[in-house]
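# Secondary and tertiary structure notes
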Amino acid sequence: MSKNRLKKRPIKFVQQISNKKDNSKKKKNLKAIAILTVVFIVFIFSFSYYVVNEHNSIRETVNNNPKTISAKVTDISRGKGSHTALYEFVTNGKKYTGRTFQTYKGQIGDIISVEYSIVKPEVNIYCEDTTPETFFDDVFISTLEVTGVFIVFLSVALLYLKLKNPKKSIWEL
């Protein structure tokens, strides 16, 4: 009788240890996902904040000593979502280039209106991009939008993996 007890006890003990390992693995995975999500959100927030400050700094420099000139669109980026235009203009016998901040819906070869700083013509802006960007709309809200897309993508990826491996728990994927 005592031999049977000894045989059963180690099995339960091993099961308890393996359950603890599973729980600690789940906690580690959850912690890793949380940390990666926070790092991703901070990165997107920081990048958005930097871009908005850079654009507003250019606007401020141009507004100190502005001059308007015509420029020719030389290229349009064909990236996903945003199609910014590259333009060039000549002033004082020198050629300068710039890029629109927002999506440009025209074509290569279009003549557009550009404002530049008389003191520093290399600092210039497309006339339709002169409205300052705000912290709330252009940093905070855009960060929330990208975070939402990230969470949806992560959820779909986990759902796909779970459907592909129905016998595994979500923590084993």
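You'll find the structure just up there.
With that out of the way, let us pick up the side chain of Ser-142. For Ser-142, the position within the fold is in helix α2 (residues 135–164). For Ser-142, a relative accessible area of 19% puts it in the buried group. Other than its neighbours up to four places away in sequence, Ser-142 contacts Ser-48 and Asp-137.

Ala-71, Val-73, Tyr-87, Phe-89, Tyr-104, Ile-112 and Val-114 are the most contacted members of the largest nonpolar core, which has 13 residues in total. Contributions of two or more residues to this core are made by β1 (66–76), β2 (85–91) and β4 (111–117). Top contributing element to this core by residue count: β1, with four residues. Non-local contacts of Tyr-104, meaning those with residues more than four positions away in its chain, are made with Val-73, Ile-76, His-83, Ala-85, Asp-110, Ile-112 and Tyr-126. Residues Ile-58, Phe-101, Val-123 and Ile-125 belong to the second largest nonpolar core, which totals five residues.

Turning to unusual backbone geometry, a few remarks are in order. If you check the backbone angles, Asn-92 has positive phi at about 55 degrees while not being a glycine. Judged by relative accessible area, Asn-92 falls into the exposed class, the value being 74%.

Along the chain, Pro-132 falls in the loop between β5 (124–126) and α2. With near-sequence residues (within four places) excluded, Pro-132 lies in contact with Asn-56 and Arg-59.

Rules of the game
Residues numbered from 1 in each chain as written. Predicted model: local features only at pLDDT ≥ 70, side-chain atom pairs only at ≥ 80, totals over all residues. Heavy atoms only, no water. Helix = DSSP H or I, 4+ residues; strand = E, 2+ residues; numbered from the N terminus. Buried < 20%, exposed > 50% of the residue type's maximum accessible area, 1.4 Å probe, protein only. Contact = heavy atoms within 4.5 Å. Core = buried A, V, L, I, M, F, W, Y, C linked by side-chain atoms within 4.5 Å.

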